[in-house]
Each structure stands twice: as C-alpha cells, then as structure tokens.
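# A structural walkthrough
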Amino acid sequence: MHPVNRGCGRLPAVLILLGWHLAATAAESPLSAARDTLSQWVQTQQLISRTRTEWDSDREMLEQSRALFERELKAVREQAGRLSTNSSVADAERIQAEAELKALTQALDRARSLVAGLEAQVRELIPLIPPPLLETVQPILQRLPNDPAETRAGVTERLQTVVSLLNELDKFQGAVVVSNEKRPNAAGQPVAVDVLYLGLGQAFYASANGDVSGIGTPSAAGWTWKLDPQIAGKVQEALAMYRNQKPAAFVGLPVTVQ
C-alpha cells in the first residue's frame, strides 16, 4: 500500500504548486508565468511517473502474495477434505466395531447360558458316578462353579471342564472295569471284594473266597449295594475271564434295567 500513501502525500504538494502559480500569474509577466507553469507540469509528470513505477512494483508483490495465499487456501481446503473423509471412514469403522462387539457380547451371553445348563446337567450325574471313577474325576468336579452367576472362570474354561468330565464318563461307560473295594457282609463288617463294573449302569462284586457277593446299581442318591450270595460263583468266573485266567464264555448275571 506504499503507492497509495505516497500518492496521498504528493497530491497536496501539487495543489499548493498550482495555487502558487495562479497567484503569481496575476503579478508576473505572461512569459514568466508560462515558464513556471511548464516547470511545474514537468515536475507533476515526473511525480506521476514515479508513482506509477512504484505502484507497478507494489502490484507485482501483491500478485505474488495473492498467489501464495491462494495456494495455501487450496492446501487448507484439501486437508479439510481429507479430514472429512478420514472422519467418515473412522465413523464407519466405529459403527462396524460396535456392531461386532454387540454380536460377540450376545454370543458370549448365549455361551454362558449354554455352559450353565450343561453344568447343571453334569451335577445331576454326579451321584451316578461309580466310586472308582468318582475318585478319578474329583479334580475335574472341583472346577465346576458353585454359582455360575458368581464364578470368575471364563466360558472356555468352564466348557472345557464339562467336556473333560463327559469324556471320562463316556470312557467308563464303554468299558468293563474291575476295582478293589470294601463292601459290608451280612454282619455289616467291611470285606475286601473285587467289583466288576459294566459301564455306568451295573456292577457285581465278590470276595476272593466267595463268602460275600452282591449287586451294585446307581440311583439319584448314589450307588446302592445289595448282598446276593447266589451270584458269587458267577461273579468269580467273570472276574477270571476278565483277567484272562479262563477262556471267554457266556456267564448269566442278573442285570437290572432302569
């Protein structure tokens, strides 16, 4: 803006010179007045030329500044556009993440409910577990939560506990197992016997001398044992076959179907 300031500063000087010239012409000769007028006109033209040159220089600088400001404004607009795009992408990703989190939370709630139901069913099976298997699975049973709503165990850990227990039950169910235990005789005194378990549904026992024998069956209150002296020989025969002491043959033992 220097040209404007310089132009405003010289304009009064031009007016003063012209005013002085008009006043002087009244007292001087026409020739002297013409000479002075020409001199002042030349000075005025020089002043105009110098002002125009300075304005051209200032205008070039202003044009450069304007171009620079336009480039900066364009860069700012482009950056704002990218920020708007990034913001839209971030919003879309956030919405997708929230939807996925909601779906996972719902799936986790369903898994917790499923595991809690399986744990309840497994607890109902505990009384049906025969003594030798109960001893084996006791560490697994200890991992079952007392209150599914209060447990800190994760769903995966709880499900693994249920699956491990069911695997052990299935393994026992598909096998013939012999266990050394003690069962009361007719006088109520404990006697060492060999118990032959046919899976989870039936058991037969007999002492080595055959004095004590009986049948075991599962119930909701646990396994019950009933003396049956008449099956002692058959139980001993079945035990001998189990130990490969006798060739396999058909042995008739009373089986209770529940």
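Predicted model, so just to flag it, every value in this text is computed and none were measured.

## Here's the deal with the pattern of salt bridges
Per the stated rule, a full pass over the model turns up five salt bridges. Between Arg-183 and Glu-181 there is a salt bridge, with its nearest N and O atoms 2.3 Å apart. By relative accessible area, which is 10% here, Arg-183 ends up buried. A salt bridge links Glu-237 to Lys-246, with the shortest nitrogen-to-oxygen separation between them at 3.5 Å. With relative accessibility at 38%, the residue Lys-246 sits in the partly exposed group.

## Some points on the sheet that holds strand E3 (residues 202–206)
Taken in spatial order, the five strands of this open sheet run E1-E2-E3-E4-E5, and their pairing is antiparallel. Pairing within the sheet leaves two strands with one partner each, and these edge strands are strand E1 (176–184) and strand E5 (224–227). On average, adjacent strands in this sheet sit at an angle of 25 degrees to one another, irrespective of strand direction. Pairing of E1 with strand E2 (residues 190–198) involves nine bridges; the strand directions are antiparallel. Counted as the bridge partner of Val-176 is Leu-198 from E2. Here helix H5 (residues 232–242) sits on the sheet and contacts E1, E2, E3 and strand E4 (213–217); the angle it forms with E3, its principal contact strand, is near 100 degrees.

## Thoughts on unusual backbone geometry
Positive phi values are uncommon outside glycine, yet Asn-244 reaches one of about 60 degrees. Among the structural elements, Asn-244 can be located in the segment after H5.

## Re the environment of Ala-221
Here Ala-221 is to be found in the loop between E4 and E5. Judged by its relative accessible area of 80%, Ala-221 is exposed.

The rules behind each value
Residues numbered from 1 in each chain as written. Predicted model: local features only at pLDDT ≥ 70, side-chain atom pairs only at ≥ 80, totals over all residues. Heavy atoms only, no water. Salt bridge = Lys/Arg side-chain N within 4 Å of Asp/Glu carboxyl O. Buried < 20%, exposed > 50% of the residue type's maximum accessible area, 1.4 Å probe, protein only. Pairing = 2+ DSSP bridges. Helix = DSSP H or I, 4+ residues; strand = E, 2+ residues; numbered from the N terminus. Axes fitted to C-alpha atoms, helices over the stretch in contact; angles between N-to-C directions. Contact = heavy atoms within 4.5 Å.

The values are spatial; any link to function lies outside them.
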